[in-house]
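Observations on the three-dimensional arrangement
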Amino acid sequence: MSATARVPDLLRSQAAAGPDHVALVVDGGESLTYGDWQRRSTAVARGFAGAGIVAGDRVGLFFDNAWWTEYAICYVGALEAGAVAVPLSPRLSPPEVADIVDHAGIGVVVRPTGLAAALPALPGLRVFELRDVEAEGGDEDPPVPSATEELAEIIYTSGTTARPKGVACTHAALLAHDLPAAPEGKASFLHAFPIGTNAGQECVRMPLRRRTTAVVLASFDAERLCAVVAERRIRRLQLVPAMAQLVVASGAASRYDLSSVDRVTLSSAPAPPGLWAQLAAAFPAAALYNAYALTESGAARTLMRHDPARPGAVGRPVGETELRVVDEAGAGLPAGEAGEVWLRRPGAPPREYYRDPAATEAAFAGDWLRTGDLGLLDADGYLHLVDRKKDVIISGGLNVASVEVEAALDDHPAVLEAAVFGVPHEVLGQDVAAAVVVREPTTARALQAFVRTGLAEHKVPHRVFFVESLPRNASGKVVKRELRERFAERPAAAAPAAPGDDAQAAILAIWQEVLGRAEIGVHDDFFDLGGHSLAAAQVVARLRDAFGVELPPTAVFDRPTVAELAAAVSEAVMAASSS
């Protein structure tokens, strides 16, 4: 890679060497060759220039996985025009999108046809459809800077503060990466990471760095994932542990030929030790890997092939990555002693928090990233994570800042005070819980609906506990450790109520399949049974297939019992028949 290379140069090189090679495929949607990717990205870059976008302008990219190929075209086109790409996920609430637009200074947002309703109308914000930007491209390429130090993208990620922080990355920072040898075959890589996450961004750049075919699921479904593996003879999978657990729990591995998979990598969250044996049974021909990295750490990361002798380890440093475990003063600790994990890759361009020098200074010690995670090194240099950042909840691989959710709850007129914390979840690792002191009567569902109006679904507390007071220490701070211990266990389920009609029976069967539980009553709460957002999406998809109705993605959250969901299905059927 030359010293002046920028991200669009990678696509230019791949398109010159193999223009007809299919680089990207959306399952059930569009395919994109390297040649078409290059041609259309250049047209987008010209369209941006024609719209008055100049080098350094921040451009919001409002796309979902169903439009992954169009996102990739717009992403490279923005960088080719010298702009700074800022992914915006439709999974965010309108207030969250508005906050990012304001903080990043975004003046233009590009979206595909079909996502208009999900994008909030904001004063002064210009919104274009990708097809219009592409069609308006002229014949002249826009002038762009050649330096790799130019800012390329800003990825917003929730952390320890209420406001999401934007991790700013230069072209050089994005290109500093170690990759294993590329596998042979056209359809070699499959994932379902959302656009706008660090893992999703790396999956966009994967086919730019090496010639391969990246297949993307429009939405995660365990059954469909296994079907795509069998249909396309996929060789490599990258999953968060929550997805992997759903795959093995679904039993789909026994219904499809998964022998083509030679590598499965888990990342983005700690993996339960017992999951590895289940994965080995589901993918008998695959080598299993565990990875540890953060958005802020860039190319610095650890990786290991799973070793049953070290079930909780997340690997050793990859390539030039360096790793330290330190005490509170920053002094290195010997093997076996737990402390904060620090990561760096010497000489690699650093990342920083956009327009937040104080947060950058707090997170970095020179070129070392203070991860905030607690871990220890064993005698052979393998990293073992001991605990996560004290108040950050890691739910399904996504960070949830407890103070952000607390602020949302505090805005409800019935809430006097609230403390948000993580509780164990068999699939997500952790789920969001809240202990609430109220000044007037309310319900858990009312509070959840209120939070949902301002925050993404993975931040909504699915377990709400009403308490007389919050436990505090001598200095008046809430002791969340006591809350986690007090509410760690799920309440004992009452005797399950039987379905009252065929619709309830059919929905009950879907829940039993998705949740992997036999004892479910029609009045049991989906989330008390261990449900979560990934499982809720599968329920909605199966309801569409079973009843031929389109329910909103929030249907299970809004009506979290079989009886209520059956009523929603009945309403949808009646509405469809009368239209």
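Our structure's up above, just so we're on the same page.
Residues numbered from 1 in each chain as written. Predicted model: local features only at pLDDT ≥ 70, side-chain atom pairs only at ≥ 80, totals over all residues. Heavy atoms only, no water.

**Re the pattern of salt bridges**
As enumerated under the stated definition, the model contains 33 salt bridges in all. Two residues, Arg542 and Asp221, come together in a salt bridge whose shortest N-O distance is 2.9 Å. With Arg542 in helix α16 (residues 533–547) and Asp221 in the loop between β10 (214–216) and α8 (222–232), this pair connects stretches of sequence that are 321 residues apart. Residue Asp221 is classed as buried on the basis of its relative accessible area, which comes to 12%. Arg344 is paired through a salt bridge with Asp367; the nearest N and O atoms lie 3.0 Å apart. Highlighted residues: Arg344 in strand β17 (residues 339–344) and Asp367 in the loop between β19 (364–365) and β20 (368–377), separated in sequence by 23 residues. (Salt bridge = Lys/Arg side-chain N within 4 Å of Asp/Glu carboxyl O. Helix = DSSP H or I, 4+ residues; strand = E, 2+ residues; numbered from the N terminus. Buried < 20%, exposed > 50% of the residue type's maximum accessible area, 1.4 Å probe, protein only.)

**Side note on the packing of aromatic side chains**
Scanning all chains against the criterion turns up 10 aromatic pairs. A ring pair is formed by Trp68 and Tyr71, whose centres lie 6.3 Å apart and whose planes are at 55°; its orientation type is tilted. With a gap of 3 residues between them, Trp68 and Tyr71 both fall in helix α3 (residues 68–80), about one helical turn apart. In this pair, the class of Trp68 matches that of Tyr71, namely buried. Judged by centre distance (4.0 Å) and plane angle (15°), the ring pair of Phe465 and Phe487 falls under stacked. Of the two residues, Phe465 is situated in strand β26 (residues 463–466) and Phe487 in the loop between α14 (480–486) and α15 (502–515); the sequence distance between them amounts to 22 residues. Phe487 matches Phe465 in its accessibility class, with the two residues each being buried. Chaining the aromatic ring pairs together yields one cluster made of Phe63, Trp68, Tyr71 and Tyr75. (Phe/Tyr/Trp six-rings, centres within 6.5 Å; stacked < 30°, edge-to-face > 60°.)

**Here's the deal with the packing of helix α1 (residues 7–17) against helix α2 (residues 34–50)**
At their nearest, the axes of α1 and α2 sit 8 Å apart, and the two run at 135° to each other. The angle between the axes of α1 and α2 places the two elements in the oblique class. Judged by the sense of rotation from one axis to the other, the crossing of α1 with α2 is left-handed. Contact with α1, carried on its side by Leu11, Arg12, Gln14 and Ala15, involves Tyr34, Gly35, Trp37, Gln38 and Ser41 of α2 and no other residues of that element. In terms of residue class, the contact of α1 with α2 is made up of 4 nonpolar, 4 polar and 1 charged. (Axes fitted to C-alpha atoms, helices over the stretch in contact; angles between N-to-C directions. Parallel < 35°, antiparallel > 145°, perpendicular 65-115°, else oblique. Left-handed = near helix turned anticlockwise from the far one by under 90°. Contact = heavy atoms within 4.5 Å. Nonpolar A, V, L, I, M, F, W, Y, C, P; charged D, E, K, R; others polar.)

**With respect to the pairing of strand β12 (residues 263–266)**
The side-chain alternation of β12 yields two buried faces, one formed by Arg263 and Thr265 and the other by Val264 and Leu266. Direction of pairing for strand β11 (residues 236–239) relative to β12: parallel, over a ladder of 4 bridges. What sits directly across from Leu239, in β12, is Leu266. Chirality of the crossover, the property in question, places the unit of β11, helix α9 (residues 241–250) and β12 among those that are right-handed. With 4 bridges joining them, β12 and strand β13 (residues 287–292) adopt parallel strand pairing. Bridged to Leu266 within β13 is Asn290. (Pairing = 2+ DSSP bridges. Right-handed = clockwise from strand over helix to strand, strands pointing away.)

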